[in-house]
Amino acid sequence: MLILWVHFINWLFLFAAAGIALLSSNHKLSTIFMMVARVCYIIAIVTGIIMMIHSWQSHPTLTLLKGILGLLVIASLEIAFAHKRRKKLSSKLMVIVLILLIGVAAFGLYLTQGRPL
């Protein structure tokens, strides 16, 4: 149960850090929160793998899909960070990142049966 909370809180920090990094006009602040988001990636991947082992037995397809979506979120955030650094961040990319985040959250809550909420 503790790993669920660590994973959940980490994704909240990741969401906040990515939001600040992408929406901030201050270059230094954006860079700091991009690094915070990258540390959160590591924690999310490690805790996600641990949780994947437990949920694989009951929902293997959805678990695999959630893992792929989680990696797509990380990839899309990195693409958005690169666009932000070049000052070419589009609202379309921001919407894609947001939709992927909502999808990962929905799959995660379904697979954990609504826990840790």
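Reading the values: rules and limits
- Residues numbered from 1 in each chain as written.
- Predicted model: local features only at pLDDT ≥ 70, side-chain atom pairs only at ≥ 80, totals over all residues.
- Heavy atoms only, no water.
- Helix = DSSP H or I, 4+ residues; strand = E, 2+ residues; numbered from the N terminus.
- Rg over C-alpha atoms; globule rule 2.2 N^0.38 Å.
- Buried < 20%, exposed > 50% of the residue type's maximum accessible area, 1.4 Å probe, protein only.
- Contact = heavy atoms within 4.5 Å.
- Areas by Shrake-Rupley, 256 points an atom, 1.4 Å probe, with all protein chains shown as cover.
- Axes fitted to C-alpha atoms, helices over the stretch in contact; angles between N-to-C directions.
- Parallel < 35°, antiparallel > 145°, perpendicular 65-115°, else oblique.
- Nonpolar A, V, L, I, M, F, W, Y, C, P; charged D, E, K, R; others polar.
- Expected span 1.5 Å × (residues − 1).
- Polar contact = N/O pair within 3.5 Å; in protein donor to acceptor, adjacent residues only side chain to side chain.
- Arc of directions from axis to C-beta.

Caption draft 1: Quick look at the overall build of the protein chain. Across its full length, the protein chain holds four helices and zero strands. What you see for the protein chain is a C-alpha radius of gyration of 15 Å, in line with the 13 Å of a compact globule of 117 residues. The principal-axis extent of the C-alpha atoms belonging to the protein chain is close to 45 × 25 × 20 Å. Within the protein chain, the proportion of its 117 residues that are buried is 35%. Residue pairs at least 24 apart in sequence account for 76% of intrachain contacts in the protein chain once pairs closer than 6 positions are excluded. If you sum the accessible surface of the protein chain, you get close to 7200 Å²; carbon and sulfur atoms cover 77% of it.

Caption draft 2: Region of interest: the environment of Ser90. Relative to the helices and strands, Ser90 is located in the loop between α3 (60-85) and α4 (91-111). Owing to a relative accessible area of 34%, Ser90 belongs among the partly exposed residues under this scheme. Remark: the alpha-carbon pair of Ser90 and Ala80, spanning 10 residues in sequence, is separated by 8.4 Å.

Caption draft 3: Local environment of the packing of helix α1 (residues 2-23) against α4. Interaxial distance between α1 and α4 falls to 13 Å at its minimum, and their mutual angle equals 175°. As the angle between them shows, α1 and α4 are arranged roughly antiparallel. Between α1 and α4, the contacting residues are Trp11, Phe15, Leu22 and Leu23 on the first element and Met94, Leu98 and Leu101 on the second. Of the residues in the contact of α1 with α4, the class split is seven nonpolar, no polar and no charged.

Caption draft 4: Region of interest: helix α2 (residues 27-55). Under the 1.5 Å per step criterion, the end-to-end length of α2 is 40 Å for 29 residues, consistent within 8% with the ideal 42 Å. Along α2, the positions that sit buried rather than exposed are Ser30, Met34, Ala37, Cys40, Tyr41, Ala44, Thr47, Gly48, Met51 and Ser55. Elements that come into contact with the buried residues of α2 comprise α1 and α3. The N-cap residue of α2 is Asn26: its side-chain oxygen and the backbone nitrogen of Lys28 are 3.0 Å apart.

Caption draft 5: Highlighting the environment of Asn10. Examined against the element boundaries, Asn10 turns out to sit in helix α1. With residues near it in sequence (within four places) discarded, Asn10 still touches Cys40, Ile43 and Ala44. One polar contact links the side chain of Asn10 to the main-chain carbonyl oxygen of Cys40, over a distance of 2.9 Å.

Caption draft 6: How the structure looks around α4. Taking 1.5 Å as the rise per residue, α4 with 21 residues should run 30 Å; its terminal C-alpha atoms sit 30 Å apart, in good agreement. Of all the positions in α4, only Leu93, Val97, Leu100, Leu101, Gly103, Val104, Gly108 and Leu111 are classed as buried. Along the axis of α4, the buried residues cluster in a sector spanning 165°; they form a single face. Across from the buried face of α4, at angles greater than 90 degrees, the exposed residues are Ser91, Lys92, Ile99 and Ile102. On its buried face, α4 sits against α1 and α3. Backbone geometry just after α4 places Gln113 at a positive phi near 55°.

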